[in-house]
Amino acid sequence: MTIVAKVWIEEDCITCDACQDICPEVFIVSDDTSKILAAVRMDGVLDRNVGGAAMAGSTGTDYGEMILEAAEACPVEIIKFELQTDGAVETVAEVAPAAEVAAAPAAAVAVATGGSDELQALLGGGDRSLAILFGSQTGNAAGLAEKTAKLAANYGLVPTVYDMDGFDPASLAQHKRTLIITSTWGEGEMPDNAESLWQSVSAQAPSLSGVSFSICAIGDSSYDEFCKAGTDWDEKYVELGANKVHTTQLCDVDFDTPWGQWVAEALPMIACVDESGTLQEVLLDEMIAYGSGSGEEAVEGDFTPGVIVQEDLSITLSLFRYCPEAADSGWDTIACAVPGHATVEDLLLAVQQDVDGSLAFRRGNSNGSPTSGVRVNGRTVLADLVQISDLVNEGGVLKVEPLPGYPVVRDLVVDYSSYESSRSASEPWMKADPRDGHTLLNGSAMGTMEAATALTLHAMGDVVSFQLLQSMSDTFAYDSDYMGPGILLQQWNRCVDPRTGESQRDALMASIGSEHGVWAETDFTSVARYGSDGRTASKALNTARGKLLNSTNYSGPHGRLVKWYGRSVKWSGNVNETTLYRQVLGPVGLLSNIFDGVSARMFLGFTRTGAPPFRSLQALLAPPAGIGKIPNMINSKVVAHHEVVSLFNEIDQRF
Amino acid sequence: MAVKIAYYPGNAARAASSEVEDCIQPLCKTLGIQLTEIPKASSDGGNIIKQSSPKLQHALVARNLALAESKGLDVLTTCATSHGIMCDTIDEFKEDRSFANHVNNIVARTSGIEYNGESQSRHLLHFLVEEIGLEKVRDAVINPLRLNVAAYYGSSMQRSGACGDDDPFMPTYMEQLITALGGTPVEYDLKCQSVGAPSLLTINKPVMRMTAAVLSDAKSSGADLIVSACTISHANLDSYQSKAGKIARKDTTMPILHLAEMVAFALGHYPDRFAQLRTRALVIGG
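Every value quoted in this text rests on a predicted model; they were computed, and no experiment measured them. (Residues numbered from 1 in each chain as written. Chains lettered and ligands numbered in written order. Predicted model: local features only at pLDDT ≥ 70, side-chain atom pairs only at ≥ 80, totals over all residues. Heavy atoms only, no water.)

Colleague: Can you tell me about the overall build of chain B, naming the residues and giving the values?
Modeller: The helix and strand inventory of chain B stands at 13 helices and eight strands. Split into buried and exposed, the 286 residues of chain B put 67% on the buried side. Relative to all contacts within chain B whose residues are 6 or more apart in sequence, the contacts with residues 24 or more apart total 78%. (Helix = DSSP H or I, 4+ residues; strand = E, 2+ residues; numbered from the N terminus. Buried < 20%, exposed > 50% of the residue type's maximum accessible area, 1.4 Å probe, protein only. Contact = heavy atoms within 4.5 Å.)

In structure tokens form, the structure reads like this:
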């Protein structure tokens, strides 16, 4: 019997489809080359398999003859393979030089020759299936399940990912190796796709004796019931007699790192469970070494959602350039045709590669990296996230410049150190008072809060890039001392967090209310117009202003402006500018307007187009002198003014 | 047949910026727009009252919108800030129905009306371009502008949902209108940048620097004058331009006029004022 240990494709495939026609279970021919299907490989990757990953399970036996037939039929003789006979590998001499065998990945070599006899027996011994169940509301857990499956192949496992929705509860006991990855929804509830299975398992209580499992739970620690769905499954599996091979991992909103830790520890552990369901813990170190050999390769691949392909756009790219050595700036203009679905970063990369290699910009992670911000056609955007078709139409101009408000280092690269130092100085991180609260499964203390507060906090912190948020403020570029909305929002978010300690809250409020804090923002409408992040920030910081006004009893120019604006509207239904100027500016401010030329500009008629001169005279002479044309010194009341007064009295009696 | 719409002058048109009020009536008459006064309408809070009580500001705005709605009309305003504020309340009511009901209950108790989301806010600029049409405006021109005009939009209404079908970040409506009125639009970068108008009385230097940046950018781009879509920002750009120039050390002297004035002048109203403006723009320069 012919057993193929590994098969791979060398270069120069002519894509004749012969191999695919003979053995479609192993070969697939793409536009440029034939490839070895992931399903028949230990590493679960789809490529030419030049790394020499071994054949998975019994595929080398099942398709051995056909692979040989395909290699023989290949007109350019690029299908190479190794045969296995009684555990020894026989390299096909003419196609596999010794150097290539030596360069093969550790994992592949281990299958054939490495590792102890016990490990060999474990890896080659029958059923190596692994069930990965996910409970997912937004897709995060599903994504992690897919990634986990990719990595599981490194440990000689044959993983299958199952959506909990529609999963047969009676079959749980058949999966001797089970990993569960689940998020928690709402206040400790199961995700929608897991609810039915949870109810069934709870009702039927099937015996899970002989099942080995581990759980990765995703949640948000700002909720009372942090990761409850995961801990519920943990308790249920133990209750039904399953064997927990690794501690349940609790992941907060930044779940990548703790998931990585879990998968690095839980996978080799569960891979040590043999066919009978016994955990061979003595083989753990060997299994870890075995699995780490091809780890990097296994996580490679495109896990991002597919993009909708759009037609090419012919546009003119206008690109800001700055050379610090020459202290010279200017604009490059480049005519280009780009796919509409390409991101701004894709375009910049193309320019860098094909037009000018000296172009400097910050690269992102293709998923909204906070530091990839640029200004494009007046919008502040993340270059690695926003598509060109969202910014310009066919034949249009795409004007790309650095983010405003930050010093430019070179071309589109700005210096974020001012943001970092401001954030460091503002200390927006948690400093909780000691408290008697709940504890997490890992023993660390956890504060509690109302669900509404948790929702508010979550919404306020749901900002893609705080660095970008800084640049949304038009004031930020004109006031170097202004802390900026990105910093202030983080501070305010911490202030309203009930877990924050009193002394920290006081310090944060003092910082927010300082001269360079929330009052330094001249116009929140400039922030609010930038989509949800801008609206979130401007709304939250407006609330911060309200709290400060209350705590300072409307003192200072800002307090006086709000107080007298409100009062003048309440008194007449209209704004009385005379009152405002007098109360907010005061005599010194009014006098300065005279010396600064504001009054003269009014009086000499440079500002208006033909209004009666009396108005100018009135503005200059009558109080408040020097502030310009105030033709209606005392407002008349609007009709039905009492309705306005009633509105004030019903809603806010402070005015 | 005249197009009917309710008129909300905003906070400044009937106070410091009376020239806007002078011009809006004749220009609307020329273009067949019938303005209906809302004498009960109050100030919209100017985003100042909102700092203390967002609910109170929303209630003031909802009451104004309800007054127009009771006549079956949309609201026309000449002020970008007022338009932005009305759009804020309209959006808030759409997004949070329970909040809308709560505020409406108060407005109903105090004024006997409520806002049901039917009456919408329209800025003069969007109304002219989208409803009246540039063709009709062009046909009505008597005194073509024949000036290089920079359009100032500000930030208040330049967001999705508040600027009609115009691009929020690279708008062209005002440039199209300037062209229709016989002027030459001047492109410059800062046409949507805020000049910090809400903080004119409370924050000095940054507001002046922002004002100076807009003025000098327009001037260095070749503009003879700036036309503003915002009555509130008008005060920064106009009354405070010499002070802004001193603080920022930039050349900022330039005539400023409101959108309503520009349209009225081109349509043949106040030829004496227009002559004075041309003299200032082309001879005096500021």
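Colleague: Outline the environment of Leu73(B), supporting the account with residue identities and numerical values.
Modeller: Residues and elements named next belong to chain B. The residue Leu73 is located in the loop between α3 (54-69) and β3 (75-77) in this model. On the basis of relative accessible area, Leu73 is assigned to the buried category, the value being 11%. Sequence separation of Leu73 and Lys4 is 69 residues, and the distance between their C-alpha atoms is 7.2 Å. Here Leu73 is in contact with Lys4, Ile5, Ala6, Thr36, Ala68 and Ser119, once residues within four sequence places are set aside.

Colleague: Can you tell me about a negative patch on the surface, naming the residues and giving the values?
Modeller: Residues and elements named next belong to chain A. Among the surface-exposed residues, Glu187, Glu189, Asp192, Asp224, Glu225 and Glu450 lie close enough to one another that they form a single negatively charged patch. As for its placement among the helices and strands, Glu187 is situated in the loop between β8 (177-183) and α8 (192-204). Classification of Glu187 as partly exposed rests on a relative accessible area of 35%. (Patch = residues over 30% accessible without salt bridge, like charges linked within 9 Å, V, L, I, M, F, W, Y side chains within 5 Å. Areas by Shrake-Rupley, 256 points an atom, 1.4 Å probe, with all protein chains shown as cover. Salt bridge = Lys/Arg side-chain N within 4 Å of Asp/Glu carboxyl O. Lys, Arg positive; Asp, Glu negative; His and termini not counted. Charge placed at Lys NZ, Arg CZ, Asp CG, Glu CD.)

Colleague: Can you tell me about the nonpolar core, naming the residues and giving the values?
Modeller: One broad trend across soluble globular proteins is that nonpolar side chains are buried collectively. Within the largest apolar cluster, 93 residues are counted, with the highest numbers of intra-cluster contacts made by Leu469(A), Trp492(A), Ile512(A), Val518(A), Phe648(A) and Leu60(B). The element contributing the most residues to this core is α3(B), with nine residues. Ranked by size, the runner-up nonpolar core spans 52 residues in total, among them Ile5(B), Leu134(B), Tyr153(B) and Ile178(B). (Core = buried A, V, L, I, M, F, W, Y, C linked by side-chain atoms within 4.5 Å.)

Colleague: So, the packing of aromatic side chains: which residues are in play, and what are the values?
Modeller: All names here are of chain A. With the rule as written, the count across this model stands at 14 aromatic pairs over all chains. Between Tyr406 and Phe476 the ring centres are 5.5 Å apart and the planes differ by 70 degrees, which places this aromatic pair in the edge-to-face class. Residue Tyr406 is found in the loop between β16 (397-401) and β17 (408-410), and its partner Phe476 is found in the loop between α16 (466-472) and α17 (485-495); the two are separated by 70 residues along the sequence. By relative accessible area, which is 5% here, Tyr406 ends up buried. (Phe/Tyr/Trp six-rings, centres within 6.5 Å; stacked < 30°, edge-to-face > 60°.)

Colleague: Please set out the interface of chain A and chain B residue by residue, giving values where relevant.
Modeller: On the chain B side, the residues contacting the 71 residues of chain A number 77 residues. Around 6400 Å² of area is buried between chain A and chain B when both sides are counted, 55% of it from carbon and sulfur atoms. Our count for the chain A to chain B interface comes out at six salt bridges. The partner of Lys40(B) in a salt bridge is Glu643(A), with the nearest N and O atoms 3.9 Å apart. Along the contact surface separating chain A from chain B lie 21 residue pairs in polar contact (both at pLDDT 80 or more). Secondary-structure elements contributing two or more residues to the side of chain A that touches chain B are α19 (525-528), α20 (531-551), α21 (556-572), α22 (577-595), α23 (598-603) and α25 (641-651) of chain A. If you tally residues by element for the side of chain A that touches chain B, the top one is α22(A), at eight residues. Of the residues contributing to the side of chain A that touches chain B, the split by class is 31 nonpolar, 21 polar and 19 charged. (Buried area = accessible area lost by both parts, 1.4 Å probe. Polar contact = N/O pair within 3.5 Å; in protein donor to acceptor, adjacent residues only side chain to side chain. Nonpolar A, V, L, I, M, F, W, Y, C, P; charged D, E, K, R; others polar.)

Colleague: Describe helix α11 (residues 241-248) of chain B, with residues and values.
Modeller: Burial in α11(B) covers these residues: Gln241(B), Lys243(B), Ala244(B) and Gly245(B). Of the residues trailing α11(B), Arg249(B) is marked for its positive phi of about 55 degrees.

Colleague: How would you summarise the pairing of strand β12 (residues 312-323) of chain A if you had to cite specific residues and measurements?
Modeller: Residue and element names in this part refer to chain A. Where β12 and strand β13 (residues 328-339) come together, 12 bridges link them in antiparallel fashion. If you follow Leu317 over to β13, its bridge partner there is Ile334. Taking the residues between adjacent antiparallel strands as the criterion, β12 and β13 are bridged by four residues, where Ala327 takes a positive phi near 50 degrees. By the bridge criterion, four bridges tie β12 to β16 in an arrangement that is parallel. Residue Leu317 lies in a different strand from β16, and its bridge partner there is Leu398. (Pairing = 2+ DSSP bridges.)

Colleague: Could you give me a rundown of the sheet that holds strand β15 (residues 379-382) of chain A, with the residues and numbers involved?
Modeller: All names here are of chain A. Read across the sheet, five strands follow the order β13-β12-β16-β14-β15 without closing on themselves; strand pairing throughout is mixed. Taken across any chain shown, the strands that pair with only one partner, and hence form the sheet edges, are β13 and β15. Across the sheet, the mean angle separating the axes of adjacent strands is 30 degrees when strand polarity is ignored. Where helix α13 (residues 344-354) meets the sheet, its contacts fall on β12, β13, β14 (373-376) and β16, and the angle it forms with β12 comes to roughly 70 degrees. (Axes fitted to C-alpha atoms, helices over the stretch in contact; angles between N-to-C directions.)

Colleague: Break down the pattern of salt bridges for me, with residues and values.
Modeller: Residue and element names in this part refer to chain B. Inspection of the entire model under this criterion finds 31 salt bridges over all chains. Note that Glu130 is salt-bridged to Arg122, the shortest N-O span being 3.2 Å. The exposure class of Glu130 is partly exposed, given its relative accessible area of 28%. Given the relative accessible area of 14%, Arg122 is considered buried. Between Glu135 and Arg138 there is a salt bridge, with the nearest N and O atoms lying 3.0 Å from each other.

Colleague: Describe the sheet that holds strand β6 (residues 184-186) of chain B, naming the residues involved and giving the relevant values.
Modeller: Paired through their backbone hydrogen bonds, the strands of a sheet run either parallel or antiparallel. All names here are of chain B. The sheet built from four strands is open, its strands ordered β6-β5-β7-β8 with parallel pairing. Because the sheet does not close on itself, it has two edges, and the strands there are β6 and β8 (256-258). Within the sheet, the average angular offset between the axes of one strand and its neighbour, ignoring direction, is 40 degrees. Pairing of strand β5 (residues 148-152) with β6, which is carried by three bridges, proceeds in the parallel orientation. For Val149, the partnering residue across the bridge sits in β6 and is Pro185.

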